[in-house]
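Chain by chain, the residues run as shown.
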Amino acid sequence: AEDYRAVQLESLASQRARLHPMVDSIPVSGLANIDNPGQRSFAEHVYHAGTANAGAIDRFFPGPAFTPPDSARSLADKDGLRTAIDTSFDYLRTILEGQSEEERLATFQLAGRSIPVWRFWDELNEHTYWTLGEIVGNFRSLGMAPPNFRFF
C-alpha cells in the first residue's frame, strides 16, 4: 500500500540521517580504522552501508542504471563518503517513489525463494541497519561514543 511505501521512504531517510553524523563524528585519522582483523575499515563500512542497496536494486530491477561512486575517492575523505551516501540514497528514493503498485506486488527469486518486491525493500533496510550497528565498533575501538541514536 502507498502508506507502507511512505514507511519505507522514511526508513531510507533515517538511514541517511544516521550515516552522515557518523561520518561527521569520526576523526579523519579514523577513516581507515579497522575494529577487528578481517572486517571493513570505518570508511569501507560506511561506503558499503551507503551504496550496497543501490547496487542491489540496480541489479534486480529495471530502471535507470546506478553508477556507484568511485570507491577510492569515496574512501579517501569525509566529503567523498558524504557524496557516496547522498548519490546512493537519492537513487534509492527515486526508484522506490517511481515503482508502481503492480511492480511492488510482483515477485522475484532471491536466494532460492520467491519474495514480493515490496518485501525486498524491507530486507535492504535491515541490511543497512545491521551495517550501521557494525560501524559502532569503530567508534568504540577509538575510545569514542558513536553519534546519538535517537529512537523516539
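(A) Representation of the packing of aromatic side chains in the model. Here the structure, examined in full by the defined rule, presents eight aromatic pairs. Relative to Tyr91, the ring of Phe66 lies with its centre 5.0 Å away and its plane at 45°, an arrangement referred to as tilted. Here the residue Phe66 occupies a position in the loop between α2 (42-60) and α3 (71-76), and Tyr91 occupies one in helix α4 (residues 78-98), the gap between them amounting to 25 residues. Across the pair, exposure class does not vary: Phe66 and Tyr91 are buried alike. Look at Phe108 and Phe120: their rings are 5.2 Å apart centre to centre, the planes differ by 85°, and that puts the pair in the edge-to-face class. Here Phe108, found in strand β1 (residues 107-110), pairs with Phe120, found in helix α6 (residues 117-141); they are twelve residues apart in sequence, far enough to count as distant. One exposure class covers both Phe108 and Phe120, and it is buried.

(B) Molecular detail of the pairing of β1. Burial of β1 is one-sided: the residues Phe108 and Leu110 facing one way are buried, the residues Thr107 and Gln109 facing the other way are not. Strand direction decides the pairing type here: β1 and strand β2 (residues 113-116), joined by four bridges, are antiparallel. Paired with Leu110 across the bridge in β2 is Arg113. A loop of two residues connects β1 with β2, the two strands running antiparallel in sequence, and Ala111 in this loop sits at a positive phi of about 55°.

(C) Fine view of the pattern of salt bridges. As enumerated under the stated definition, the model contains twelve salt bridges in all. The closest approach of N and O atoms between Arg5 and Glu101, which form a salt bridge, is 2.9 Å. In this pair, Arg5 sits in helix α1 (residues 2-25) while Glu101 sits in helix α5 (residues 101-105), placing the two residues 96 residues apart along the sequence. A relative accessible area of 5% means that Arg5 is categorised as buried. Relative accessible area serves as the criterion here: at 26%, Glu101 is assigned to the partly exposed category.

(D) Seen up close, a nonpolar patch on the surface. A surface patch of nonpolar side chains, amounting to about 360 Å² of accessible area, comprises Tyr4, Val7, Leu105 and Trp118. Along the chain, Trp118 turns up in helix α6. A relative accessible area of 30% places Trp118 in the partly exposed class.

Parameters at a glance
- Residues numbered from 1 in each chain as written.
- Predicted model: local features only at pLDDT ≥ 70, side-chain atom pairs only at ≥ 80, totals over all residues.
- Heavy atoms only, no water.
- Phe/Tyr/Trp six-rings, centres within 6.5 Å; stacked < 30°, edge-to-face > 60°.
- Helix = DSSP H or I, 4+ residues; strand = E, 2+ residues; numbered from the N terminus.
- Buried < 20%, exposed > 50% of the residue type's maximum accessible area, 1.4 Å probe, protein only.
- Pairing = 2+ DSSP bridges.
- Salt bridge = Lys/Arg side-chain N within 4 Å of Asp/Glu carboxyl O.
- Patch = residues over 30% accessible without salt bridge, like charges linked within 9 Å, V, L, I, M, F, W, Y side chains within 5 Å.
- Areas by Shrake-Rupley, 256 points an atom, 1.4 Å probe, with all protein chains shown as cover.

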